[in-house]
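As a plain string of letters, each chain reads:
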Amino acid sequence: MTGVFDIRDSSFRSLIHANASLRRISTGHLWVEGPVWFPAHQCLLFSDIPAQRIHRYMVDGSVNVFRSQSQFANGNTRDSQGRLVTCQHGTRSITRTEHDGAITTLVDGYQGRK
């Protein structure tokens with residue numbers, strides 16, 4: 001099903017599963033990045049950077065705000081314990097969201113610099 005993808009480099013073809021398809025899951029966002037899947041919660045988190053929100057897509061098709069005032073979060077991933085790890089432009093830091101919702105700063109500088 002590579003016909004629905006705009007392939008600019010032919011080496012990309014090997015990365016697309018033959019049965020893959022595109023599906024729009026949400027609209028109305030300004031600039032979306034950093035999708036990360038949480039299998040334990042059956043949800044996908046993604047950031048809308050200029051809107052300062054992290055959204056949550058649920059498998060039932062609903063989308064809601066996971067976090068507002070996200071400090072311009074963009075890069076998201078999970079750590080080995082299933083916690084959200086996020087890069088934040090607003091605080092120039094990398095944070096971790098604990099299972100109880102608390103946010104821990106992992107890095108906010110290096111050798112005395114931001």
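Note that the coordinates shown come from a computational prediction; the quantities given were computed from them, not determined experimentally.

Conventions and cut-offs
- Residues numbered from 1 in each chain as written.
- Predicted model: local features only at pLDDT ≥ 70, side-chain atom pairs only at ≥ 80, totals over all residues.
- Heavy atoms only, no water.
- Core = buried A, V, L, I, M, F, W, Y, C linked by side-chain atoms within 4.5 Å.
- Buried < 20%, exposed > 50% of the residue type's maximum accessible area, 1.4 Å probe, protein only.
- Helix = DSSP H or I, 4+ residues; strand = E, 2+ residues; numbered from the N terminus.
- Contact = heavy atoms within 4.5 Å.
- 1 Å grid on protein atoms, 1.4 Å probe; cavity = no way out; pocket = protein on both sides within 12 Å on 5 of 7 lines; lining within 4 Å.
- Points joined across faces, edges and corners; volume = space filled by probe spheres on them.
- Nonpolar A, V, L, I, M, F, W, Y, C, P; charged D, E, K, R; others polar.

1. Quick look at the nonpolar core
Grouped together as the largest cluster of nonpolar side chains are seven residues: Val-36, Phe-38, Cys-43, Leu-45, Ile-54, Ala-73 and Leu-84. Listed by contribution, the elements that provide at least two residues to this core are strand S1 (32-38) and strand S2 (43-48). Residues contacting Leu-45, with those up to four places away along its chain left out, are Gly-34, Pro-35, Val-36, Phe-38, Ile-54, His-55, Arg-56, Phe-66 and Leu-84.

2. Section: the layout of surface pockets
In this structure, the largest pocket spans a volume of roughly 230 Å³. In terms of lining, the largest pocket is formed by 14 residues, of which the most central are Phe-38, His-41, Phe-66, Gly-82 and Glu-98. Taken together, the residues that form the lining of the largest pocket break down as five nonpolar, five polar and four charged.

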